[in-house]
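Here is what each chain is made of, one letter per residue.
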Amino acid sequence: MTVALFVALSIMLGPFLIIFFASFEPSSTLRFPPTGFTLDWFRKVMGMSMFQKSLVLSLRIALMASLLSLLLGVPAAYALSRYSFKGKRTIEIIVTSPLIIPGMVAGLALLRFFVLMQVFPIETTLLIGHTAVVLPYAVRSVLSSLVNLPVAIEEAAQSLGAHPLRCFFLVVLPNIKVGIISAFIMAFITSFNNVPISLFLSGPGVNTLPIVMMTYMEYYYNPSIAALSTLLIGLTLAIVLVAQKLLGVSKLV
Amino acid sequence: MKKYFLLIPCLAFLIVFFIIPIVGMFVDSVYQPEKGWVAQKYLDFFRQRLSRTVYFRSLWMSLLVTLVALLIGYPTAMAVVRVKNDSLRSLLMTLLVFPLMTNPVARTFSWLAVLGREGLINNLLLSLRVLDSPVRLLYTRGAVFIGLLQLFLPLMIISLTSALENLPKDVPLAARSLGANSFKLFTKIYLPLTSEGIVTGSTLVFTGCITAYVTPAVLGGSRVLMLSTLLYQKASVTLDWTMATVIAMIMFLSTLGVNFISRAFSTIGVRRWRRASG
Amino acid sequence: MAFLELVNLTVAYGKNPPVLKGLNLSVEKGEFVSLLGPSGCGKTTTLRIIAGFLKPIEGRVILNGKDHTNVPPHKRNIGVVFQNYALFPHMDVFENVAFGLRMRKISKAQIEKKVKRALDMVGLSGFENRFPSELSGGQQQRVAIARAIVIEPDLLLMDEPLSNLDANLRAEMRGEIKQLQQNLKITTVYVTHDQSEAIAMSNRIVVMRDGRIEQIGTAQDIFLNPRTSFVASFMGFQWLTSGAVESIEGNFVRVSCGEKVLTARATSEAKIKDRVSLFARPKKMRIVQEEMSNSFEVKLVSVLYQGETSLFIFKLGEKQLSVELDSSVELSGKSKLFVHVPAEDLLAVKEER
């Protein structure tokens with residue numbers, strides 16, 4: 001079992017270490033082990049406007065999609081956790097559908113329906129697609145903290161004179177903070193990393209970072225992407241560590 | 001009704017912006033007003049040798065990755081669950097979860113440094129004088145396989161870990177006290193009681209493999225076309241929308257099929273478990 | 001009209017049998033009424049309707065002469081104490097108790113004063129800045145009570161408030177709650193499945209079963225004169241046998257059971273030929289060596305030592321019978337034994353048709 005653990009960890013994490021070292025390679029081909037040490041690729045990749053622009057776009061889309069998904073998802077999660085009604089099963093299927101429908105399928109459909117038919121510009125469509133994809137994460141995370149919050153607490157607040165809406169903001173919201181934060185983190189990371197939806201929804205000036213990276217990799221075989229990957233992996237690691245410190249890792253998955 | 005009121009924004013959003021376009025695209029792939037029934041496109045997909053090969057390659061590859069992930073994942077999950085030290089276990093869990101949160105492009109790119117002409121393996125084999133000149137490891141099925149395995153192994157391990165954690169601690173002890181040896185303990189206790197986790201993990205990995213794009217695109221390229229890369233080719237390179245839609249739909253229906261089969265499996269498991277626990 | 005009137009309350013979910021079937025109950029001002037019954041009898045449902053958390057499909061709730069049936073809970077001015085306390089985990093004790101006052105837009109100084117007084121009453125002065133997670137179960141329950149009474153509610157509802165406490169604390173809290181209720185003269189509806197709790201605290205007890213009221217009465221009334229077999233068993237009586245009423249002499253009836261004729265006290269008006277069940281309490285039976293009036297032959301099965309007394313388990317025909325006797329009593333399983341119940345302590349309860 002320890003052997004399996006070791007194998008699993010090395011398959012999953014080994015490449016990260018290799019990419020880390022490969023990003024310091026001074027020559028202009030990707031190689032491992034590296035032949036020297038330089039920070040040039042980091043400097044170069046951070047200075048390239050195509051990466052800068054796409055990073056800004058990716059961050060913007062991820063931020064807006066996460067907020068939008070919480071805005072749509074929190075009320076839905078509340079209704080799903082507190083009430084029983086007809087068609088609940090169907091509603092749950094609809095809410096989780098973005099997890100089941102492959103991203104490429106959704107991306108193609110959105111492209112054909114909204115972009116090619118000129119209903120929305122690409123960026124709006126991209127936001128729609130990302131919001132839909134991260135919505136199930138938001139709902140699931142918020143739902144699980146709502147389920148753990150006894151209904152009696154809300155009833156207590158109401159019996160003490162709090163209007164249901166006030167009760168939500170004064171009593172429910174503070175107690176599902178952890179769920180909302182982890183929903184946000186999950187949604188943000190999922191959107192930021194998304195490829196299949198963004199793949200079809202890109203156009204002049206609208207390219208998310210992962211897509212730009214893929215395109216760049218087709219033409220250049222140098223360590224710049226390694227440097228960028230190292231930066232992204234480091235960023236993710238920081239987020240995961242902070243999140244784990246704040247919420248505990250079990251809350252994130 | 002107040003209850004539905006809270007659901008309306010979320011449902012309306014998903015139905016209008018997500019489900020209708022997909023259903024619309026499906027309908028369009030079957031029937032077009034100006035052309036009538038075009039469902040034979042689906043038959044064309046299976047008639048063409050290339051797309052047929054790609055489809056079965058995708059299924060086969062997904063199956064293989066799922067099986068290997070299960071073989072590595074199960075003992076790994078058991079090892080993780082056995083770790084008594086809480087902080088060590090949470091560190092392990094973080095390490096296992098972490099790859100899921102990293103950018104898939106960055107994750108896949110790592111393999112270029114391992115499998116590339118001047119990557120780890122070639123350099124290693126050259127310096128050991130096993131090889132005289134570098135071999136091509138990229139753009140092979142093996143490369144796609146290992147990339148997919150890295151990508152989806154965490155999903156399997158996490159599903160199995162939570163299944164193993166839900167297993168009451170004293171059930172294996174009870175089996176031991178009744179005389180079960182390690183093999184029996186595994187086949188009669190662990191496997192049946194974690195069957196749901198196995199099914200869930202396998203479904204996630206399998207459907208993930210069928211639909212993954214980055215890994216086959218970067219590590220397989222056009223030499224090892226998979227369903228997803230073929231779909232992208234049809235849509236972006238040849239602009240054959242109809243065929244792209246057909247491929248997308250076949251991809252979707254395949255994942256749906258896998259989900260249904262696994263649901264059937266897991267409900268059998270659940271029923272058995274319920275019956276056993278009265 | 002009584003202070004609280006429940007009129008013909010009916011609750012049902014979907015196609016399931018109704019949870020409440022036309023329940024009627026009046027509670028007078030200042031009264032302490034317990035709803036007593038096993039789980040699933042509808043007692044908590046009744047409480048939730050009074051609080052407004054649940055709407056009946058039929059019937060009305062009238063409080064202080066005003067129809068409250070469609071008033072939402074936050075406009076009812078009813079204090080509720082929950083089984084799991086339901087304290088706000090993100091607020092300290094002070095804020096928990098002040099919550100209801102803040103909703104009522106009361107001045108800061110007033111809030112301080114009222115919260116302090118409420119915490120005094122429940123003996124938690126000085127705990128203002130603790131959080132619920134830092135309190136013991138008993139302390140949490142006191143906070144919950146303070147939070148409910150500080151708003152000076154028209155009605156106090158308590159849903160099994162003591163069921164999560166250990167036995168000693170439970171007995172202590174019973175007394176405190178009762179005292180608090182009497183001092184504040186607050187009308188209280190108390191839900192419990194524990195008969196001794198209901199007996200100790202209530203002015204009146206409502207015994208419920210399957211969404212209906214079985215019997216309403218004072219604690220003594222319920223304890224001494226259960227009118228149905230269900231209430232009798234629930235109050236700790238044991239069924240001995242059944243028979244038909246042969247003759248009636250005042251409160252007493254002669255009941256023929258097979259070849260035996262027994263004398264028993266009727267708990268409700270009985271007519272000749274009525275079928276009745278005979279019940280007795282474990283403490284009210286004696287063991288004799290020879291057959292006499294009102295006696296049954298029994299066989300000793302086992303003895304459970306309880307300290308001062310012991311529970312003697314006998315076999316009476318096919319069923320088991322426990323008799324509580326002084327621990328000094330020594331019985332032999334070999335000799336012939338009879339259980340004797342004085343007519344005063346043998347209850348004849350009319351059987352339901």
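Owing to the predicted nature of the structure, the values given are computational and were not obtained by experimental measurement.

1. Quick word on the overall build of chain B
Okay, so step 1: Of regular secondary structure, chain B possesses 13 helices and two strands.
Okay, so step 2: Its C-alpha atoms put chain B at 75 × 70 × 35 Å along the principal axes.
Okay, so step 3: Looking at chain B residue by residue over its 278 residues, the buried ones come to 44%.
Okay, so step 4: Pairs at least 24 apart in sequence give 71% of the contacts found in chain B among residues at least 6 apart.

2. What to know about the overall build of chain A
Okay, so step 1: Each helix and strand in chain A was counted, giving 12 helices and zero strands.
Okay, so step 2: Helices (α) and strands (β) of chain A occur, in sequence order from the N terminus, as α-α-α-α-α-α-α-α-α-α-α-α.
Okay, so step 3: Along the first, second and third principal axes, the C-alpha atoms of chain A reach 70 × 55 × 35 Å.
Okay, so step 4: Across the 253 residues in chain A, those meeting the buried criterion constitute 50%.
Okay, so step 5: Put simply, 75% of the contacts in chain A that link residues at least 6 apart link residues at least 24 apart.

3. Brief notes about the arrangement of the chains
Okay, so step 1: The top pair by number of contacts, from a total of two pairs of chains in contact, is chains A and B.
Okay, so step 2: At their nearest point, the C-alpha atoms of chain B and chain C are still 14 Å apart, with no contact between the two.

4. Here's the deal with the interface of chain B and chain A
Okay, so step 1: Taken residue by residue, the interface counts 70 residues in chain B and 70 residues in chain A.
Okay, so step 2: A per-class count over the side of chain B that touches chain A returns 51 nonpolar, 17 polar and two charged.

5. Examining the environment of leucine 30 of chain A
Okay, so step 1: Structurally, the position occupied by leucine 30 of chain A is in the loop between helix H1 (2-22) and helix H2 (40-47).
Okay, so step 2: For leucine 30 of chain A and alanine 226 of chain A, which are 196 residues apart along the polypeptide, the C-alpha to C-alpha distance reads 8.0 Å.
Okay, so step 3: Excluding its chain neighbours within four sequence positions, the residues that come into contact with leucine 30 of chain A are Ala22, Glu25, Tyr221, Asn222, Pro223 and Ala226 of chain A together with Leu112, Ala113, Gly116 and Glu118 of chain B.

6. With respect to the interface of chain A and chain C
Okay, so step 1: If you look at the interface, chain A gives 15 residues, while chain C gives 19 residues.
Okay, so step 2: Elements with a contribution of two residues or more to the side of chain A that touches chain C: helix H7 (151-159) and helix H8 (164-175) of chain A.
Okay, so step 3: Among the elements that take part in the side of chain A that touches chain C, H7 of chain A stands out by supplying seven residues, more than any other.
Okay, so step 4: Its residues assigned to classes, the side of chain A that touches chain C shows nine nonpolar, five polar and one charged.

7. Points about the packing of H2 of chain A against helix H12 (residues 224-247) of chain A
Residues and elements named next belong to chain A.
Okay, so step 1: Across the interface, H2 lies against H12 with an axial gap of 8 Å and an inter-helix angle of 80°. Of the possible angle classes, the one that applies to H2 and H12 is roughly perpendicular. Contact residues: Trp41, Phe42, Lys44 and Val45 in H2; Ser224, Ala226, Ala227 and Leu228 in H12.
Okay, so step 2: Residues of the contact of H2 with H12, tallied by class, amount to six nonpolar, one polar and one charged.

8. Some details on the sheet that holds strand S14 (residues 275-280) of chain C
Paired through backbone hydrogen bonds, the strands of a sheet run either parallel or antiparallel to each other.
Residues and elements named next belong to chain C.
Okay, so step 1: The strand order S11-S12-S13-S20-S14 describes a closed barrel built from five strands, whose pairing is mixed. Strand after strand, the sheet turns through a mean of 55° between neighbouring axes, direction not considered.
Okay, so step 2: Summarising the sheet, strand S11 (residues 238-249) and strand S12 (residues 252-257) pair through five bridges and their orientation is antiparallel. Residue pairing for S12: alanine 244 is matched across the bridge by serine 256.

9. Details of the confidence of the model for chain B
Low pLDDT means the predicted coordinates in that region are not meant to be read closely.
All names here are of chain B.
Okay, so step 1: With 95% of its residues at a pLDDT of 70 or more, chain B shows a mean pLDDT of 88.
Okay, so step 2: At the level of individual helices and strands, chain B shows its lowest average pLDDT in helix H13 (residues 241-276), which scores 80, and its highest in helix H3 (residues 49-82), which scores 94.
Okay, so step 3: Complex prediction metrics read pTM 0.87 and ipTM 0.91.

Reading the values: the criteria
The numbering scheme is per chain: residues are counted from 1 as the chain's sequence reads. To read the labels, note that chains go from A and ligands from 1, taken in the order they are written. With pLDDT at 70 or above as the cut-off, local features in this predicted model cover only qualifying residues; side-chain atom pairs require 80 or more to be listed or tallied, and sums for whole chains, interfaces and linings still use all residues. Numbering of helices and strands runs from the N terminus; a helix is a DSSP stretch of H or I covering at least four residues, while a strand is a stretch of E covering at least two. Counting other C-beta atoms within 10 Å of a residue's C-beta gives its exposure: the residue is buried at 20 or more, exposed at 12 or fewer, and partly exposed in between, where C-beta atoms are placed from the backbone. Note that contacts rest on C-beta atoms placed from the backbone: two residues are in contact if these are within 7 Å. Note on residue classes: Ala, Val, Leu, Ile, Met, Phe, Trp, Tyr, Cys and Pro are nonpolar, Asp, Glu, Lys and Arg are charged, and everything else, Gly too, is polar. All axes here are fitted lines through C-alpha atoms, helices being fitted over the stretch that makes contact, and every angle between N-to-C directions spans 0 to 180 degrees. Geometric relationships in this document are graded by angle, where less than 35 degrees denotes roughly parallel, more than 145 denotes roughly antiparallel, 65 to 115 denotes roughly perpendicular, and other angles denote oblique. Here a strand pair is declared whenever DSSP counts at least two bridges between the two strands. On a range of 0 to 100, pLDDT expresses the predictor's confidence in each residue.

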